[in-house]
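One letter stands for each residue in the lines below.
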Amino acid sequence: MSGTTRTSADLDPRRRRTLFRAWHRGIREMDLIMGRFADSEIGDLSEEELTEFEALIEVPDRDLFRWLTGEAETPENYDTAVYRRLKAFHKHDAPIHS
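Residues numbered from 1 in each chain as written. Predicted model: local features only at pLDDT ≥ 70, side-chain atom pairs only at ≥ 80, totals over all residues. Heavy atoms only, no water.

Enquirer: So, the environment of E41: which residues are in play, and what are the values?
Expert: Tracing the sequence through the fold places E41 in helix 2 (residues 28-41). E41 has contacts with R85 and F89, leaving out every residue within four places of it along the chain. For E41, the side chain forms a polar contact with the side chain of S40, separated by 3.2 Å. (Helix = DSSP H or I, 4+ residues; strand = E, 2+ residues; numbered from the N terminus. Contact = heavy atoms within 4.5 Å. Polar contact = N/O pair within 3.5 Å; in protein donor to acceptor, adjacent residues only side chain to side chain.)

Enquirer: Before we move on, can you summarise the side chain of D31 with the specific residues and values?
Expert: Inspection of the secondary structure puts D31 in helix 2. A distance of 2.7 Å separates a polar atom in the side chain of D31 from the backbone nitrogen of R25. Those residues in contact with D31, other than ones at most four positions away along the chain, are A22, W23, H24, R25, G26 and R36.

Enquirer: Could you give me a rundown of helix 1 (residues 13-23), with the residues and numbers involved?
Expert: Because the α-helix completes a turn every 3.6 residues, residues three or four places apart line up on one side. What helix 1 keeps buried is the set R15, T18, L19, A22 and W23. The arc enclosing the buried residues of helix 1, seen along the axis, measures out at 130°, which places them on a common side. Looking at helix 1, the residues exposed on the side facing more than 90 degrees away from the buried face are P13 and R17. Residues of helix 1 that are buried sit in contact with helix 2 and helix 3 (47-58). Where helix 1 starts, the residue carrying a side-chain oxygen 3.0 Å from the main-chain nitrogen of R14 turns out to be D12. (Buried < 20%, exposed > 50% of the residue type's maximum accessible area, 1.4 Å probe, protein only. Arc of directions from axis to C-beta.)

Enquirer: An account of the packing of aromatic side chains is requested, with residue identities and associated values reported.
Expert: Under the defined criterion, the tally for this structure stands at 3 aromatic pairs. Aromatic side chains F37 and F53 sit 5.5 Å apart centroid to centroid with 45° between the ring planes, which places their arrangement in the tilted category. Of the two residues, F37 sits in helix 2 while F53 sits in helix 3, which places them 16 residues apart along the sequence. For the pair F37 and F53, a shared accessibility class is recorded, and that class is buried. Residues W67 and Y78 carry aromatic rings whose centres are separated by 5.1 Å and whose planes lie at 40° to one another, so their mutual orientation is tilted. Taken together, the positions of W67 in helix 4 (residues 61-69) and Y78 in the loop between helix 4 and helix 5 (81-89) put the pair 11 residues apart, joining distant regions of the chain. Judged by its relative accessible area of 8%, W67 falls in the buried class. Connected via pairs of aromatic rings, a cluster forms that spans F37, F53 and F89. (Phe/Tyr/Trp six-rings, centres within 6.5 Å; stacked < 30°, edge-to-face > 60°.)

Enquirer: Describe the nonpolar core, listing the residues and the values that go with them.
Expert: Across soluble globular proteins, nonpolar side chains have a tendency to be buried as a group. M34, F53, L56, L64, L68 and L86 are the most contacted members of the largest nonpolar core, which has 22 residues in total. Counting residues per element, the ones that place at least two in this core are helix 1, helix 2, helix 3, helix 4 and helix 5. Considering each element in turn, this core owes the most residues, 5 residues, to helix 2. Sequence-distant contacts of L68, that is, excluding residues within four places in its chain, are made with M30, I33, Y83, L86 and K87. (Core = buried A, V, L, I, M, F, W, Y, C linked by side-chain atoms within 4.5 Å.)

If you want it as structure tokens, here you go:
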């Protein structure tokens, strides 16, 4: 089960591959973080943004998770606009269920 809620039928092969990889990282928490972002944004990413997202997919789960949660500082070469969009996509300042 991938968890994706998005069809890949309208995506080019590179975006299909990236969507699949975003949902199959290794640990479920990172599948949900990367996969949900990909479901929402993959169709709108420019080629340059897609390259940045693919670079984030290559980062080991533990490192990326620590950056996203603020447990470790994000290295400058990964602190891109796409990384900041990913981080903001999952930020909640209020309870999800109220």
